[in-house]
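For reference, the chains in residue letters:
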Amino acid sequence: MKVIGITGGIGSGKTTAASILAKLGAVVIDADRLGHQVLDEDREVIRALVGHFGPSILSPGGRIDRQALAGKAFGNPQETAFLNCIVHPVIRCRVEKLKQEQQLLGCKVLVIDAPLLIEAGWTDLVDDVWVITAPVEPVLRRLGKKGMSRKQVLERMQAQLADEQRRGYATETIPNDTGLAGLENRISRLFRHYACQ
């Protein structure tokens, strides 16, 4: 089984890239989705986060309000580090379990879609790292349409590695600067070459 790690900054098009790879036949593990499950289900994680950030991160129903948590965590590097320290090991365990399951099922190409693949130290889980990059202004516009303010997006960007740093880990750097058709073309070409190795 070949394992590709897809990463990149917020709004760069990682999830779109992963969905293109899924259409091409790869199995995709979405680390963000697993993170949401952890925040919804893992009582130890919830207890640790509420103990640190306070009950204001809970919704009226008693679940973690991800937007409230982001507001507390992402403006401060120490708070971001605390959040990651609590959540990342639990997500990694889930990723490892799913990876083992796919190996047993005979999966040929597995994709781990993880925004913080490099920051979390997960590059050992993958054979290759594909970094998706995108210019800042289109990212701001795209995420603005999803309801994020410019300040929120820039805070998230500052909490992540810069593209220049990610390139140091990249097996492939894929610019997402020519629209969906251009991204599909680049990824399809890379995937065909990769699957034939």
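Residues numbered from 1 in each chain as written. Predicted model: local features only at pLDDT ≥ 70, side-chain atom pairs only at ≥ 80, totals over all residues. Heavy atoms only, no water.

Asks: Is there a simple way to think about the sheet that holds strand β3 (residues 109-113) in this case?
Replies: Two orientations exist for strands paired in a sheet by backbone hydrogen bonds: parallel and antiparallel. Taken in spatial order, the five strands make up an open sheet running β2-β3-β1-β4-β5, and their pairing is parallel. Bordering the open sheet on either side are β2 (27-30) and β5 (172-175), each of which pairs with just one other strand. Going from strand to strand, the sheet's axes swing by 25° on average, the running direction of each strand aside. Sheet topology places strand β1 (residues 2-8) next to strand β4 (residues 128-133); five bridges connect them, and they run parallel. The residue of β4 that forms the bridge with threonine 7 is valine 131. (Pairing = 2+ DSSP bridges. Helix = DSSP H or I, 4+ residues; strand = E, 2+ residues; numbered from the N terminus. Axes fitted to C-alpha atoms, helices over the stretch in contact; angles between N-to-C directions.)

Asks: Would you mind going over a positive patch on the surface with me for this structure?
Replies: A surface patch of positive charge is lined by Arg141, Arg142, Lys145 and Lys146. Tracing the backbone shows arginine 141 in helix α6 (residues 136-145). (Patch = residues over 30% accessible without salt bridge, like charges linked within 9 Å, V, L, I, M, F, W, Y side chains within 5 Å. Areas by Shrake-Rupley, 256 points an atom, 1.4 Å probe, with all protein chains shown as cover. Salt bridge = Lys/Arg side-chain N within 4 Å of Asp/Glu carboxyl O. Lys, Arg positive; Asp, Glu negative; His and termini not counted. Charge placed at Lys NZ, Arg CZ, Asp CG, Glu CD.)

Asks: Before we go on, may I ask you to explain the environment of arginine 150 in this structure?
Replies: One can find arginine 150 in helix α7 (residues 150-159). On a C-alpha basis, the gap between arginine 150 and glutamate 137 in space is 9.8 Å, while along the polypeptide they are 13 residues apart.

Asks: Before we go on, may I ask you to explain the packing of α6 against α7 in this structure?
Replies: Two quantities define a packed helix pair, namely the angle between the axes and the distance from one axis to the other. The N-to-C vectors of α6 and α7 enclose an angle of 125°; their axes lie 9 Å apart at closest approach. As judged from the angle between their axes, α6 and α7 are oblique. Along this stretch, α6 crosses α7, giving a crossing that reads as right-handed. Contact with α6, carried on its side by Val136, Glu137, Val139, Leu140 and Leu143, involves Arg150, Val153, Leu154 and Met157 of α7 and no other residues of that element. (Parallel < 35°, antiparallel > 145°, perpendicular 65-115°, else oblique. Left-handed = near helix turned anticlockwise from the far one by under 90°. Contact = heavy atoms within 4.5 Å.)

Asks: What exactly am I supposed to notice about the packing of aromatic side chains here?
Replies: The relative placement of two aromatic rings is captured by the distance of their centres and the angle of their planes. Within this structure, the stated rule accounts for one aromatic pair. Ring centres of phenylalanine 53 and phenylalanine 82 lie 5.9 Å apart, and the angle between their planes is 75°; on these two criteria the pair is classed as edge-to-face. Of the two residues, phenylalanine 53 is situated in helix α3 (residues 43-53) and phenylalanine 82 in helix α5 (residues 77-104); the sequence distance between them amounts to 29 residues. A residue is classified by how much of its surface remains accessible, and phenylalanine 53, at 7% relative accessible area, is buried. Phenylalanine 82 sits in the partly exposed class, given a relative accessible area of 25%. (Phe/Tyr/Trp six-rings, centres within 6.5 Å; stacked < 30°, edge-to-face > 60°. Buried < 20%, exposed > 50% of the residue type's maximum accessible area, 1.4 Å probe, protein only.)

Asks: Looking at this model, I keep getting lost on the pattern of salt bridges. Mind explaining?
Replies: If the charged atoms of two oppositely charged side chains come close together, the side chains can form a pair. Overall, the coordinates contain eleven salt bridges when judged by the stated rule. One salt-bridge network, in which partners are shared between bridges, spans Asp40, Arg63 and Arg66.

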